[in-house]
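Listed here are the chains, written in short residue letters.
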Amino acid sequence: MSTAFQSYDLGGTRLSNRIVMAPMTRSRAYGPGESATDLMAEYYAQRASAGLIVTEGTQPSPIGQGYPDTPGIHSAEQVAAWKKVTDAVHAKSGVIFLQIMHTGRVGHSSWTGVQPVGPSAVQAKGQIYTHDGLKDFEVPQELTDAEVEATIADYVSASRNAIEAGFDGVELHGANGYLIHQFLAPNSNTRTDRWGGSPEARARFAVETAKAVADAIGADRTGFRMSPGNPFNDIDESDRADVEATYTALVDGLAPLNLAYLHQMEAPGYRDFTTQARKAWPTTFILNPFTGQEPTGHKELDLIEDGTADLLAYGGLFLANPDLPKRLAVGGPFNTPDRATSFGGDHTGYTDYPTLD
């Protein structure tokens, strides 16, 4: 498994290995105005041996916040707080990208004070956690054409803020049922204007956002995450032909931008599309593979060796194993993630997982 632990050139940025810490919401942004804390700096610095860290989803605007205690990147206060995180990671020779996540219709007015927004006024089925307990999702306000353009501008401003905060780049979250994914999916995007209807039109918001961000901070500092076929947050992509047409349009639209990377979160039964996307993608391809009920583990390193992916993203194991590359290199053992402490709380289940040393 030597290739996975060799250095790698990511658009001019040297990575010490090909192991990626996947973005994971941890809901511990207790600083003023949903800003990062010293504890978050410690958490990410502990994991700086990753070739690349991608942070938890971070809202580009107040209305983009979907959950309590998630961090933002839209105020000077938040930029200054994140600088402590990037300094801590860079002090340990790590590389860190900020994931920008506008949650769209996945949110609630009980803490933002305003109605969530989305591509269409289609309420997601299910409930969302708030400080007052679980509440039904709300009907989102459909974004006007001008508001769509303003939202793209929010992504651009957030990306510039991320670079000011010292991040090596940003990842646009186009997966897991959040705003960009909502534009891609036919059940959450029922528009008939230039932002909806055909697969190409539904992919336009993603492509235009990526282009605007790449123009602002550089394509070599811009990544994109997608999850075709992922039903999370009431996304219905059950029509396989439509999914493949939509994501082919997405990849074809993003490819000419020469972004730093494309990061695919793989859904069950989508390995054939993974292979297709990997062949069509001109730069680095990161895979967060579907492995069934178990977290991505040691045996998935074969996907780097056989060329399925350039880099491999790990979620649950990185949560529980701050020195994961070292553990993968020697075949374990691996700490088991404590799901009860995944979201919110203090250092427990956050910065207290032991290393091999």
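Here, every reference points to the structure presented above.
Report follows, based on the coordinates. Keep in mind that what you see is a predicted model, and the values were worked out from it rather than measured. (Residues numbered from 1 in each chain as written. Predicted model: local features only at pLDDT ≥ 70, side-chain atom pairs only at ≥ 80, totals over all residues. Heavy atoms only, no water.)

### Looking at the pattern of salt bridges
Summed over the entire model, instances satisfying the criterion amount to 14 salt bridges. Note that Asp-38 and Lys-84 form a salt bridge whose closest N and O atoms lie 3.8 Å from each other. Placement of Asp-38 in helix α1 (residues 38-46) and of Lys-84 in helix α2 (residues 76-91) is noted, with a sequence separation of 46 residues between them. Asp-38 gets classed as exposed once you look at its relative accessible area, which sits at 56%. (Salt bridge = Lys/Arg side-chain N within 4 Å of Asp/Glu carboxyl O. Helix = DSSP H or I, 4+ residues; strand = E, 2+ residues; numbered from the N terminus. Buried < 20%, exposed > 50% of the residue type's maximum accessible area, 1.4 Å probe, protein only.)

### Some thoughts on the sheet that holds strand β13 (residues 284-288)
In space, the eight strands of this closed barrel follow the order β3-β4-β5-β10-β11-β12-β13-β14, with parallel pairing throughout. Adjacent strand axes in the sheet meet at a mean angle of 25° when their direction is disregarded. Strand direction decides the pairing type here: strand β3 (residues 19-21) and strand β4 (residues 52-58), joined by two bridges, are parallel. Within β4, the position partnered with Val-20 by the bridge is Leu-52. Sheet strands in contact with helix α9 (residues 271-280) are β11 (222-226), β12 (261-265) and β13, and its direction is about 165° off that of β13. (Pairing = 2+ DSSP bridges. Axes fitted to C-alpha atoms, helices over the stretch in contact; angles between N-to-C directions. Contact = heavy atoms within 4.5 Å.)

### Structural notes on α2
Spanning 16 residues, α2 covers 23 Å between terminal C-alpha atoms, matching the ideal 22 Å at 1.5 Å per step. If you check which residues of α2 are buried, you get Gln-78, Val-79, Ala-81, Trp-82, Val-85, Thr-86 and Val-89. The buried residues of α2 occupy an angular sector of 165° when projected down its axis, which confines them to one face. Opposite its buried face, α2 presents the exposed residues Ala-76 and Ala-91, each directed more than 90 degrees away. Contacts from the buried residues of α2 go to α1, β4, β5 (96-100) and α4 (145-164). Immediately downstream of α2, the backbone of Ser-93 shows phi near 65°, a positive value. (Expected span 1.5 Å × (residues − 1). Arc of directions from axis to C-beta.)

### Some words on the pairing of β5
Among the five residues in β5, five count as buried, and that is most of the element. A two-sided burial pattern is seen for β5, the buried positions comprising Ile-96, Leu-98 and Ile-100 on one face and Phe-97 and Gln-99 on the other. Both β4 and β5 contribute to a ladder of four bridges, which runs parallel. The residue of β5 that forms the bridge with Thr-58 is Ile-100. Traced from β4 through α2 to β5, the parallel crossover comes out right-handed. Pairing between β5 and strand β10 (residues 169-174): four bridges, direction parallel. (Right-handed = clockwise from strand over helix to strand, strands pointing away.)

### Here's the deal with the packing of aromatic side chains
Counted by the stated rule, this structure contains nine aromatic pairs. Considering the side-chain rings of Trp-82 and Phe-167, the 5.4 Å spacing of their centres and the 65° angle between planes classify their relative orientation as edge-to-face. Here Phe-167 lies in the loop between α4 and β10 and Trp-82 lies in helix α2, a separation of 85 residues in the sequence. Pair check on accessibility: Trp-82 and Phe-167 agree, each one buried. In this structure an aromatic cluster arises from ring pairing among Tyr-155, Phe-183, Trp-195 and Phe-205. The ring of Tyr-270 is capped by Arg-240, whose NZ or CZ atom sits 3.8 Å from the centre of that ring. (Phe/Tyr/Trp six-rings, centres within 6.5 Å; stacked < 30°, edge-to-face > 60°. Lys NZ or Arg CZ within 6 Å of the ring centre and 35° of its normal.)

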